[in-house]
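Okay, here's what each chain looks like letter by letter:
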Amino acid sequence: MTPEEDEKLRQLWLGSQKEAPDGFSAFIMESLPQHQPLPEALKRPLLAPQVAGLLLALLIVGSGLTILFGGSAPAAGPPAGWQQLLLQWLGTGQQALESSPALLPGLAALSIGTILLTALDRLLKRMLLHRS
Amino acid sequence: MTDKLLIRMVRAGKPEVYRALVERYQDMVYNLCFKVLLDEDEAKDAAQEAFIKAYQALGTFREDSKFSTWMYRIATNEALARTRRKKRSAPLEEARHMASEGSGDNTPASLQQEERSRYLHAALAQLEETDRLLISLYYLEEVSMDEVADISGLDKNLAKVRMHRARKKLYTLLSGIVNQEAKEAL
């Protein structure tokens, strides 16, 4: 394509440009939602679903293991290496709980508080986004 | 007043300031939509929808990017989505016919311009919508190749090559249409 051809096409193109219809901006302003756009920060969840899922999984696994072993070795046979490590870990945890009685209720309150706060945050943001 | 300042004002709770942004870009956005859709009513609807979507998403707009690029991308997505929907529901021939209709101003000067526009739109109708989009972006002079790639979703080099081919094809089609019209007039 030669520069002359290009120039002809440009002139033709620019000559065919149209103006937006009358009342275009007025119509848009009337059609806008009645509240201001939400800031990006408000749209982000408090906890990413992956992080929330991971924390929940850890909580479930931890609770399951605590209930399963209950701080003692399984009855059948000597404990395997991983079981010993786990018992040791549970024993340390138990000692920490015994030395500080307020720790367990505190942890429970923190976990429940986090879950409630995350759920409330998602609910409110979903409502706000739904309205926008 | 710069785009960024206007956007900050809208975000700060002055939605009426958005009108200034609409008025600044309405012609460009409308023309972009029209050249892709080749239908005045569809183009108007697409442009309106694009501005409303942009307003709703203004909270997600990153200030280190250009509002015009962001706006054109939203308009492009809207126009291309409508073209695809239209392709499924109605033949493109109808759109071609509508694009070739005049607007009613019959003074000699405007008639010549109308005729030229009719030829151009008839030729455009024979191109793919992505090619029509690329040519439109080419003539939006403040848009760089990086922005064209960003708006069209194509690789920069591919967009450049395709843009050149599309213009060449348009010129050939246009020459053919004008020659045909001249022959018929004789």
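For the structure, see preceding data.
As a starting point, this report considers the structure included with it. What you see is a predicted model, and the numbers here were worked out from it, not measured in a lab. (Residues numbered from 1 in each chain as written. Chains lettered and ligands numbered in written order. Predicted model: local features only at pLDDT ≥ 70, side-chain atom pairs only at ≥ 80, totals over all residues. Heavy atoms only, no water.)

### Here we look at the overall build of chain A
Right, on to step 1. Tallying secondary structure elements over chain A gives six helices and zero strands in all.
Right, on to step 2. When the helices and strands of chain A are read in sequence order from the N terminus, they spell out α-α-α-α-α-α.
Right, on to step 3. Classification of the 132 residues of chain A by burial places 17% in the buried group.
Right, on to step 4. Carbon and sulfur atoms form 68% of the exposed surface of chain A, whose accessible area is close to 9400 Å². (Helix = DSSP H or I, 4+ residues; strand = E, 2+ residues; numbered from the N terminus. Buried < 20%, exposed > 50% of the residue type's maximum accessible area, 1.4 Å probe, protein only. Areas by Shrake-Rupley, 256 points an atom, 1.4 Å probe, with all protein chains shown as cover.)

### Quick word on unusual backbone geometry
Residues and elements named next belong to chain B.
Right, on to step 1. Phi is positive for Leu-38, which is not a glycine, with a value near 55°.
Right, on to step 2. Tracing the chain through its elements places Leu-38 in the loop between helix H2 (18–37) and helix H3 (40–56).
Right, on to step 3. Using a relative accessible area of 2% as the deciding quantity, one classes Leu-38 as buried.

### Section: the side chain of Asp131(B)
All names here are of chain B.
Right, on to step 1. Tracing the backbone through its elements, the reader meets Asp-131 in helix H7 (residues 129–139).
Right, on to step 2. For Asp-131, a relative accessible area of 10% corresponds to the buried category.
Right, on to step 3. Here Asp-131 is in contact with Arg-162 and Ala-166, once residues within four sequence places are set aside. (Contact = heavy atoms within 4.5 Å.)

### Structural notes on the environment of Leu127(B)
All names here are of chain B.
Right, on to step 1. Here Leu-127 is to be found in the loop between helix H6 (108–124) and H7.
Right, on to step 2. Given the relative accessible area of 4%, Leu-127 is considered buried.
Right, on to step 3. C-alpha of Leu-127 to C-alpha of Leu-170: the two residues are 43 residues apart in sequence and 7.5 Å apart in space.
Right, on to step 4. The contacts of Leu-127, once residues within four sequence positions are left out, are Arg-132, Ile-135, Ala-166, Lys-169, Leu-170 and Leu-173.

### Structural notes on the interface of chain B and chain A
Right, on to step 1. Facing the 46 residues of chain B at the interface are 33 residues of chain A.
Right, on to step 2. Where chain B abuts chain A, roughly 3600 Å² becomes buried across the two surfaces, and 66% of that area is made up of carbon and sulfur atoms.
Right, on to step 3. Summed over the shared surface of chain B and chain A, the number is two salt bridges.
Right, on to step 4. The shortest N-O distance in the salt bridge between Asp6(A) and Arg167(B) comes to 3.2 Å.
Right, on to step 5. For the side of chain B that touches chain A, the secondary structure elements donating two or more residues are helix H1 (3–11), H2, H3, H6, H7 and helix H9 (156–185) of chain B.
Right, on to step 6. A total of 10 residues in the side of chain B that touches chain A trace back to one element, the largest contributor, which is H2(B). (Buried area = accessible area lost by both parts, 1.4 Å probe. Salt bridge = Lys/Arg side-chain N within 4 Å of Asp/Glu carboxyl O.)

### Quick notes on the environment of Arg116(B)
Residues and elements named next belong to chain B.
Right, on to step 1. Residue placement: Arg-116 occurs in helix H6.
Right, on to step 2. On the basis of relative accessibility, which here comes to 40%, the residue Arg-116 falls in the partly exposed class.
Right, on to step 3. Expressed as a C-alpha distance, the spacing of Arg-116 and Leu-174, which sit 58 residues apart in the sequence, is 9.7 Å.

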